[in-house]
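Residue-level listing of the chains:
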Number of protein chains: 2
Amino acid sequence: MDAVDRNILAELQMNGRISITELASRVRLTVSPTHRRLRELEESGVIRGYRAALDPEALGLKFEALLFITMREANHETLVRFEEAAAAIPNVLEAQRLFGEPDYLVRVVSEDLAAYQRLYDEQLTRLPGVQRVASTLVMKHVVRERPLPL
Amino acid sequence: MDAVDRNILAELQMNGRISITELASRVRLTVSPTHRRLRELEESGVIRGYRAALDPEALGLKFEALLFITMREANHETLVRFEEAAAAIPNVLEAQRLFGEPDYLVRVVSEDLAAYQRLYDEQLTRLPGVQRVASTLVMKHVVRERPLPL
DNA sequence: GCTGAAATATTATAAGG
DNA sequence: CCTTATAATATTTCAGC
């Protein structure tokens, strides 16, 4: 992992679909070493994959909410059950276990308010082991999909 | 935006760097219409771009924290100043303005506890307009980088 | 809107310093 | 660890249905 590798990673965080030819010219190297470096970054796991970044609004997903979840108990089985149930809901884009309270932060998207209400009543508030759900809507993305600092 | 387009989007959310040839075979179409559809999805803005997904741990970024920020005032100028200052910190990966309290959720990464402490004392707590910062560490990612539900 | 095909460009590998 | 060279693939465009 030298400066060239970091350069490659920076380019691919901005545009993950440029050709190796283009990538090579941006990092000022010929194609073969660029290719070799890229394979090594992929195989070592530094690059976990490539994702198309979609626009949720353009797909009709206009509602984004955050849920702050406090669990009734914090034993292993309760947490595993909750995590599996949360992961099974497609609208759940992200979920993290936190230190302290609340126990979890969960991010969800939905089409509109009506869809969110249904999701909330029928699925989110019924997740197993939950004591309390506090939720808030996202008004605006101030910083989004920022590349990792290298 | 028909079923084939949604299929294309689903594939590219999983692997954003597959060739059009491979993509075409996965969506059971020949190359040229796949190519045309992809271009249209890109040009219409449904696909905002492609990103390499990096492993923060592999890059030595082992600390991830969430900051819940309450502002002293909520007038336009105060908020703009805060948002620009937050966006200028490379460790800030994500920031959102919320309805209600707190006003902002900010996600940051850093190398380790010492680096986080410095970041917190020297930059995060000094963001302009802030009344209160509550922060918590991320223990574990339960759901990460989930594709959007199509 | 799709198919098939042709010209151009890229990828992946190997030989050699 | 790089450069150059080469064969195999892929991209991009277009004529025709």
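Residues numbered from 1 in each chain as written. Chains lettered and ligands numbered in written order. Predicted model: local features only at pLDDT ≥ 70, side-chain atom pairs only at ≥ 80, totals over all residues. Heavy atoms only, no water.

Engineer: Tell me what's going on with the overall build of chain A, and back it up with residues and numbers.
Structural biologist: Helix and strand counts for chain A come out as five helices and five strands. Along chain A, helices and strands appear, N-terminal first, in the series α-α-α-β-β-α-β-β-α-β. Scaling as 2.2 N^0.38, a compact globule of 150 residues should have a C-alpha radius of gyration of about 15 Å, whereas chain A reaches 20 Å, well beyond that. Dimensions of chain A along its principal axes, counting C-alpha atoms only, are 55 × 35 × 25 Å. Classification of the 150 residues of chain A by burial places 47% in the buried group. Considering only intrachain contacts with a sequence separation of at least 6, the fraction spanning at least 24 residues in chain A is 63%. (Helix = DSSP H or I, 4+ residues; strand = E, 2+ residues; numbered from the N terminus. Rg over C-alpha atoms; globule rule 2.2 N^0.38 Å. Buried < 20%, exposed > 50% of the residue type's maximum accessible area, 1.4 Å probe, protein only. Contact = heavy atoms within 4.5 Å.)

Engineer: How would you explain the environment of N91 of chain A if you had to name every residue and give the values?
Structural biologist: Residue and element names in this part refer to chain A. Secondary-structure assignment places N91 in the loop between α4 (76-87) and β3 (92-98). Taking the C-alpha atoms as reference points, N91 and Y120, separated by 29 residues in sequence, lie 11 Å from one another. For N91, the side chain forms a polar contact with the main-chain oxygen of V109, separated by 2.8 Å. (Polar contact = N/O pair within 3.5 Å; in protein donor to acceptor, adjacent residues only side chain to side chain.)

Engineer: Just give me the short version of the domain arrangement of chain A, but keep the residues and values in it.
Structural biologist: The domain architecture assigned to chain A consists of domain 1 (3-44) and domain 2 (56-137). Computed over C-alpha atoms, the centres of domain 1 of chain A and domain 2 of chain A are 37 Å apart. (Domains from an automatic or database assignment.)

Engineer: Explain the pattern of salt bridges to me, using residue names and the numbers behind them.
Structural biologist: Applying the stated criterion across every chain yields a total of 26 salt bridges over all chains. The closest approach of N and O atoms between R39 of chain A and E43 of chain A, which form a salt bridge, is 3.4 Å. With R39 of chain A and E43 of chain A both in helix α3 (residues 31-43) and four residues apart, this pair spans about one turn of that helix. Between R97 of chain B and D103 of chain B there is a salt bridge, with its nearest N and O atoms 3.8 Å apart. There is no split in this pair, since R97 of chain B and D103 of chain B are both buried. (Salt bridge = Lys/Arg side-chain N within 4 Å of Asp/Glu carboxyl O.)

Engineer: Describe the packing of aromatic side chains, and please don't skip the residues or the numbers.
Structural biologist: Each aromatic ring pair is specified by the distance between its two centres and by the angle formed by the two planes. Residues and elements named next belong to chain A. The full count for this structure, using the stated rule, is seven aromatic pairs over all chains. Between the aromatic rings of F82 and Y104, the centroid separation amounts to 4.5 Å while the plane-to-plane angle is 35 degrees, which identifies the pairing as tilted. Residue F82 is found in helix α4, and its partner Y104 is found in strand β4 (residues 104-110); the two are separated by 22 residues along the sequence. By relative accessible area, which is 0% here, Y104 ends up buried. The interplanar angle of 40 degrees and the centroid separation of 5.8 Å between the aromatic rings of Y116 and Y120 together place this pair among those described as tilted. Of the two residues, Y116 and Y120 both sit in helix α5 (residues 113-122), four residues apart, roughly one turn of that helix. (Phe/Tyr/Trp six-rings, centres within 6.5 Å; stacked < 30°, edge-to-face > 60°.)

Engineer: Talk me through α5 of chain A; I want residue IDs and the actual numbers.
Structural biologist: All names here are of chain A. Residues A115, Y116 and L119 constitute the buried set of α5. In an axial view of α5, the angular spread of the buried residues amounts to 100 degrees, which keeps them on one side of the axis. Of the surrounding secondary structure, the elements contacted by the buried residues of α5 are β2 (63-71), β4 and β5 (130-143). The residue sitting at the N-terminus of α5 and contributing the capping side-chain oxygen is D112; that oxygen lies 3.3 Å from the backbone nitrogen of A114. (Arc of directions from axis to C-beta.)

Engineer: Hey, could you go over the sheet that holds β4 of chain A for me, with residue numbers and the actual values?
Structural biologist: With respect to topology, eight strands assemble into a closed barrel ordered β2(A)-β4(A)-β3(A)-β5(B)-β2(B)-β4(B)-β3(B)-β5(A), the strand pairing being antiparallel. Adjacent strand axes in the sheet meet at a mean angle of 35 degrees when their direction is disregarded. In the sheet, strand β2 (residues 63-71) of chain B pairs with strand β4 (residues 104-110) of chain B via seven bridges, with the strands oriented antiparallel. The partner of E64 of chain B across the bridge, within β4 of chain B, is V109 of chain B. (Pairing = 2+ DSSP bridges. Axes fitted to C-alpha atoms, helices over the stretch in contact; angles between N-to-C directions.)

Engineer: Give me the interface of chain B and chain A: which residues, what numbers.
Structural biologist: Every contact between the two is made by 63 residues of chain B and, on the other side, 63 residues of chain A. Together chain B and chain A conceal approximately 6000 Å² of surface at their shared face, both sides included; 59% is due to carbon and sulfur atoms. Together, R17, R48 and R51 of chain B form the three largest contributors to the area buried by chain B at its contact with chain A, with a combined 13%. Inspection of the chain B/chain A interface yields eight salt bridges. Here E83 of chain B makes a salt bridge to K140 of chain A, at a shortest N to O gap of 2.7 Å. Along the contact surface separating chain B from chain A lie 49 residue pairs in polar contact (both at pLDDT 80 or more). Of all the elements in the fold, those that place two or more residues in the side of chain B that touches chain A are α1 (3-14), β1 (47-54), β2, α4 (76-87), β3 (92-98), β4 and β5 (130-143) of chain B. Of the residues contributing to the side of chain B that touches chain A, the split by class is 40 nonpolar, 10 polar and 13 charged. (Buried area = accessible area lost by both parts, 1.4 Å probe. Nonpolar A, V, L, I, M, F, W, Y, C, P; charged D, E, K, R; others polar.)

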